[in-house]
Amino acid sequence: MSEQTPEARLNILLSETSVSLACAESCTGGLIASRVIDIAGSSAYMLGGVVSYSNAAKQNILNVRHGTLIAYGAVSEPVAEEMATGVKNLFNADYAISVTGIAGPGGGTAEKPVGLTYIGLALPDGTVRVQRHLWQGSRIEVKQQSADAALNWLIEVIQHELGG
């Protein structure tokens, strides 16, 4: 049997539960949501997603605070956290994933190099966890690695929370 994709594994997991999901994506540009809804049956748990590529979209749609963007920059742990909370609240989802990062090839600095990505995960109890990653590769590879990491982490957390 061939190894299943993360989105296929997520579909099996979420189809057996009554939990819902929403996504807020910046550098991945909707890739996570697209992969999730590529799987038949995902309408049972996927509530929606937001591609918040600009700071204005992060603020106006996801309620990321202007002060957070100014203090930490769009690619930061606090912004990933606020994006996840914002999209969870927007769609009234049980779980929410957010991704913000620098896919490249330009835009990186010494402090925030190309490939730096933060993934936020908002949980049903209102807590938010954030992972920091530094990927190598092309723009497409950074997007793909970010999407894979977000989906795999979501699966791991849901399995742990459901006791499985």
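Here is what the cut-offs are and how they apply
Residues numbered from 1 in each chain as written. Predicted model: local features only at pLDDT ≥ 70, side-chain atom pairs only at ≥ 80, totals over all residues. Heavy atoms only, no water. Helix = DSSP H or I, 4+ residues; strand = E, 2+ residues; numbered from the N terminus. Rg over C-alpha atoms; globule rule 2.2 N^0.38 Å. Buried < 20%, exposed > 50% of the residue type's maximum accessible area, 1.4 Å probe, protein only. Salt bridge = Lys/Arg side-chain N within 4 Å of Asp/Glu carboxyl O. Contact = heavy atoms within 4.5 Å. Disulfide = S-S within 2.5 Å.

Notes on the overall build of the chain
Turning to step 1, where the next piece is worked out: Counting its regular elements, the chain contains six helices and five strands.
Turning to step 2, where the next piece is worked out: The order of α-helices and β-strands along the chain, N terminus first, is α-β-α-β-α-α-α-β-β-β-α.
Turning to step 3, where the next piece is worked out: Over its C-alpha trace the chain gives a radius of gyration of 15 Å, about what one expects of a compact globule, namely 15 Å for 164 residues.
Turning to step 4, where the next piece is worked out: With the principal axes as the frame, the chain shows a C-alpha extent of 45 × 35 × 25 Å.
Turning to step 5, where the next piece is worked out: Here the chain holds 164 residues, and 49% of them are scored as buried.

What about the pattern of salt bridges?
Turning to step 1, where the next piece is worked out: Summed over all chains, the structure comprises three salt bridges.
Turning to step 2, where the next piece is worked out: Among the ionic pairs, R35 bridges to E7, the shortest N-O distance being 2.7 Å. Separated by 28 residues along the polypeptide, R35 in helix 2 (residues 31–37) and E7 in helix 1 (residues 6–15) bring together distant segments of the chain. The burial state of R35 is the same as that of E7; both residues are buried.
Turning to step 3, where the next piece is worked out: For R65, the salt bridge goes to E82, with nearest N and O atoms at 2.6 Å. Placement of R65 in the loop between helix 3 (55–62) and helix 4 (66–72) and of E82 in helix 5 (residues 77–91) is noted, with a sequence separation of 17 residues between them.

With respect to the environment of C23
Turning to step 1, where the next piece is worked out: With respect to the helices and strands, C23 occurs in strand 1 (residues 21–25).
Turning to step 2, where the next piece is worked out: Each C-alpha atom of the pair C23 and V51 lies 8.3 Å from the other, and the pair is 28 residues apart in sequence.
Turning to step 3, where the next piece is worked out: Once you skip the residues sitting within four places of it in the chain, C23 turns out to touch I32, A33, M46, G48, G49, V50, V87 and I97.

Regarding the state of the cysteines
Turning to step 1, where the next piece is worked out: Summed over the entire model, instances satisfying the criterion amount to zero disulfides.
Turning to step 2, where the next piece is worked out: C27 provides the cysteine sulfur closest to C23, a residue in no disulfide bond, and the two sulfurs are 13 Å apart.

Quick look at helix 1
Residues lying three or four places apart along an α-helix face the same way, a consequence of the helix completing one turn every 3.6 residues.
Turning to step 1, where the next piece is worked out: Among the ten residues of helix 1, seven are classified as buried, and the element is accordingly described as predominantly covered.
Turning to step 2, where the next piece is worked out: The complete set of buried residues in helix 1 reads P6, E7, A8, L10, N11, L13 and L14.
Turning to step 3, where the next piece is worked out: Against strand 1, helix 2 and helix 6 (139–161) lie the buried residues of helix 1.

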